[in-house]
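# Observations on the model geometry
These are the residues of each chain, in order.
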Amino acid sequence: LVPSPFFVLQSAKRKDVFCLFSFDSQTIAAITSITALVSCLAALLNVIITWLAARFNSHAAYRLEASKLYFSAQSDAFAKFMAAAAAFRADPSAENSLLLNSALSCAVLYCTEPSREAISLYGQALVELAHDRSDQSAVRLTHAQVAAQIAMQRELSALRTIKLK
């Protein structure tokens, strides 16, 4: 490495030491103080950024876990409703009617308004078919069942895209 005479000054005391600049002790103290201050500010900024990142990650983990719990409860409620509907359709007894009503009430808690409507219509069609075994009631039940299943599928699919705010 060959020092350039335009950028490097040779030390007056020692011929083998080269200095880029010649400063007095007060200037060196000021530069050291400013460097220490910048270093402290960088460390403080690092702490703040780390805290914000940890807070965001904690909030995101909470939202993810809450979404998982909601999805589990929702799918469980829908499964119980479909099982109760099948049991009521096979045997429309008073006990199965109560189970259907309970499962329906639980399932609609986890739904948006259009899905509530479809699930309720399916429950209503099940009860109507128990009292009226006509072909028209069976067709209404089939249409209501398909609409309810599609609505439940949409509700469960809506949770696939989790928004982390």
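The following paragraphs examine the structure supplied in this document. (Residues numbered from 1 in each chain as written. Predicted model: local features only at pLDDT ≥ 70, side-chain atom pairs only at ≥ 80, totals over all residues. Heavy atoms only, no water.)

### Some details on the pattern of salt bridges
Scanning the model with the defined rule gives 3 salt bridges in all. A salt bridge links aspartate 76 to lysine 80, with the nearest nitrogen and oxygen atoms 3.4 Å apart. Residue aspartate 76 and its partner lysine 80 are both found in helix H1 (residues 25–90); the two are separated by 4 residues, about one turn of the helix. Residue classification places lysine 80 among the exposed residues on the basis of a relative accessible area of 52%. Between arginine 140 and glutamate 128 there is a salt bridge, and its shortest N-O distance comes to 3.7 Å. Within this pair, whereas arginine 140 is found in helix H4 (residues 135–158), its partner glutamate 128 is found in helix H3 (residues 113–131), the two being separated by 12 residues in sequence. By relative accessible area, which is 39% here, arginine 140 ends up partly exposed. On the basis of relative accessibility, which here comes to 32%, the residue glutamate 128 falls in the partly exposed class. (Salt bridge = Lys/Arg side-chain N within 4 Å of Asp/Glu carboxyl O. Helix = DSSP H or I, 4+ residues; strand = E, 2+ residues; numbered from the N terminus. Buried < 20%, exposed > 50% of the residue type's maximum accessible area, 1.4 Å probe, protein only.)

### Some points on the packing of aromatic side chains
This model, assessed by the stated rule, comprises 2 aromatic pairs. Centre to centre, the rings of tyrosine 70 and tyrosine 110 are 5.4 Å apart; their planes meet at 65 degrees, and the pair counts as edge-to-face. Here tyrosine 70 is found in helix H1, whereas its partner tyrosine 110 is found in the loop between helix H2 (94–109) and H3, with 40 residues between them in sequence. When its relative accessible area of 34% is taken as the criterion, tyrosine 70 is described as partly exposed. (Phe/Tyr/Trp six-rings, centres within 6.5 Å; stacked < 30°, edge-to-face > 60°.)

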